[in-house]
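Spelled out, the chains give:
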Amino acid sequence: MSLNRFSFILIVFCFGSWFIISWIIIKGYIPELFLGMIVPLVIGLLTVTKIQSIFTSDPGKLTSFMIKSFIGKLVIYGVYMIGIVAFSSFNERPFFISFIGYFITLHVLEAFFIRSVFKGLRARDDNSGGK
């Protein structure tokens with residue numbers, strides 16, 4: 001699957017599920033659910049874009065990027081959550097539920113995408129090695 005197609009699917013999934021949950025099913029927690037969705041989505045899209053770029057240009061640098069990315073995400077998510085709790089006037093419980101749900105779902109989907117990138121390269125190498 002291409003990065004553009006994967007990104008499109010993630011965006012449609014996130015905004016579609018946010019719309020269905022916050023406008024049709026629950027109603028009343030629109031900003032909380034949106035804020036729980038948007039940061040994991042943006043950071044996830046940036047991460048997979050950079051991972052594919054590094055993997056295609058210099059796969060040896062991928063492990064160090066993944067470690068730095070993990071630490072960076074911990075800091076960004078921590079600061080974001082502290083900011084939401086400290087400066088928001090809305091109910092934090094729907095925010096945290098939304099954040100955790102999107103965080104886990106997007107990371108699982110990112111893992112499948114990264115796996116497909118690795119498989120695609122391996123299959124390409126296997127085909128070119130026999131020629």
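Above this note sits the structure.
First, a word on scope: everything that follows refers to the structure included in this document.

Rules of the game
- Residues numbered from 1 in each chain as written.
- Predicted model: local features only at pLDDT ≥ 70, side-chain atom pairs only at ≥ 80, totals over all residues.
- Heavy atoms only, no water.
- Salt bridge = Lys/Arg side-chain N within 4 Å of Asp/Glu carboxyl O.
- Buried < 20%, exposed > 50% of the residue type's maximum accessible area, 1.4 Å probe, protein only.
- Helix = DSSP H or I, 4+ residues; strand = E, 2+ residues; numbered from the N terminus.
- Contact = heavy atoms within 4.5 Å.
- Expected span 1.5 Å × (residues − 1).

**Some words on the pattern of salt bridges**
In the structure shown here, the tally under the stated rule is two salt bridges. Among the salt bridges present, the one from Asp58 reaches Lys61, with a minimum N-O distance of 3.8 Å. Here Lys61 falls in the exposed class, since its relative accessible area comes to 52%. A salt bridge links Glu110 to Lys73; its shortest N-O distance comes to 3.8 Å. Of the two residues, Glu110 sits in helix H4 (residues 92-129) while Lys73 sits in helix H3 (residues 62-87), which places them 37 residues apart along the sequence.

**What to know about the side chain of Glu110**
Assessed through its relative accessible area of 5%, Glu110 is described here as buried. Sequence-distant contacts of Glu110, that is, excluding residues within four places in its chain, are made with Phe6, Gly44, Val48 and Lys73.

**Describing helix H1 (residues 3-25)**
In a regular helix each residue adds 1.5 Å, so 23 residues correspond to 33 Å; H1 covers 31 Å between its end C-alpha atoms and thus fits that length. Burial in H1 covers these residues: Leu3, Phe6, Ser7, Leu10, Cys14, Ser17, Trp18 and Ser22. Of the residues one or two after H1, Lys27 is the one with positive phi, at around 60°.

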